[in-house]
Amino acid sequence: MPIQQDFQASYWSENNVTLALNPPAPVSGLAITFSCTRRAGGDDVVLLKSCASGFNGVSGITVTNGQQGVMDIRINPAADISGTAVGNYVWQARIVTSGLAVTLGDGYLSVNP
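Residues numbered from 1 in each chain as written. Predicted model: local features only at pLDDT ≥ 70, side-chain atom pairs only at ≥ 80, totals over all residues. Heavy atoms only, no water.

Visitor: How should the environment of Gly41 be read in this particular structure?
Guide: Turning to its location among the elements, Gly41 is positioned in the loop between strand S4 (32–37) and strand S5 (45–51). For the pair Gly41 and Gln92, spaced 51 residues apart in sequence, the C-alpha separation works out to 9.9 Å. (Helix = DSSP H or I, 4+ residues; strand = E, 2+ residues; numbered from the N terminus.)

Visitor: Explain the nonpolar core to me, please; I cannot follow it from the model alone.
Guide: Where a protein is soluble and globular, its nonpolar side chains tend to be buried together. Grouped together as the largest cluster of nonpolar side chains are 26 residues, with contacts concentrated most on Leu19, Ile32, Phe34, Met71, Ile73, Trp91 and Leu109. For this core, the elements supplying multiple residues, two or more each, are strand S2 (7–10), strand S3 (15–20), S4, S5, strand S6 (61–65), strand S7 (70–75), strand S8 (87–97) and strand S9 (100–112). No other element matches the four residues that S8 contributes to this core. Among residues more than four places away in sequence, those in contact with Met71 are Val17, Thr18, Leu19, Val27, Ile32, Ile61, Thr62, Val63, Thr64 and Leu104. (Core = buried A, V, L, I, M, F, W, Y, C linked by side-chain atoms within 4.5 Å. Buried < 20%, exposed > 50% of the residue type's maximum accessible area, 1.4 Å probe, protein only. Contact = heavy atoms within 4.5 Å.)

Visitor: It is not clear to me how the sheet that holds S3 should be interpreted in this structure. Could you clarify?
Guide: Pairing between the strands of a sheet comes from backbone hydrogen bonds, and it takes one of two forms, parallel or antiparallel. One open sheet holds the three strands; their spatial order is S3-S7-S6, and the pairing between them is antiparallel. Edge positions in the sheet fall to S3 and S6, since each has one partner strand and no second. Between one strand and the next, the sheet's axes are offset by a mean angle of 25°, whatever the strand orientation. Sheet topology places S6 next to S7; four bridges connect them, and they run antiparallel. Across the sheet, the residue bridging to Thr62 is Asp72, located in S7. (Pairing = 2+ DSSP bridges. Axes fitted to C-alpha atoms, helices over the stretch in contact; angles between N-to-C directions.)

Visitor: Help me out: how do you make sense of unusual backbone geometry in this one?
Guide: A negative phi angle is the norm for most residues apart from glycine, just as the trans form is the norm for most peptide bonds. The linkage connecting Asn22 with the following residue, Pro23, adopts the cis geometry, with an omega of 5°. Tracing the backbone shows Pro23 in the loop between S3 and S4.

Visitor: Teacher, can you tell me more about the environment of Thr64 here?
Guide: Considering the arrangement of structural elements, one finds Thr64 in strand S6. In sequence terms Thr64 and Ser28 are 36 residues apart; their C-alpha atoms lie 9.6 Å from each other. Discounting chain neighbours no more than four positions away, the residues touching Thr64 are Val70, Met71 and Asp72.

By themselves, these are just geometric observations and shouldn't be taken as functional.
This is the structure:
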């Protein structure tokens, strides 16, 4: 069952979000994506982070406990949200394997000045 979590990000500070699957499930070695869109079901991605086997932390997602399904998503204010309008966005974290997509979690990201 996907987790649901809402969080805030600011233009002026580092924003790290920790996602922990409940119940815990292993995510080591899987391709994970984190995306934000303007509305639910939208294809207008305003923020995209990813993690693939062997590239932990390179593209914004760091798996901190792969056996328990705990990961950190780093949102850099200068690179990721500086041009984004203040407001609410829908986020979704997914695992994509061989064309099969599994939602790990979703919720709202509130961008504040």
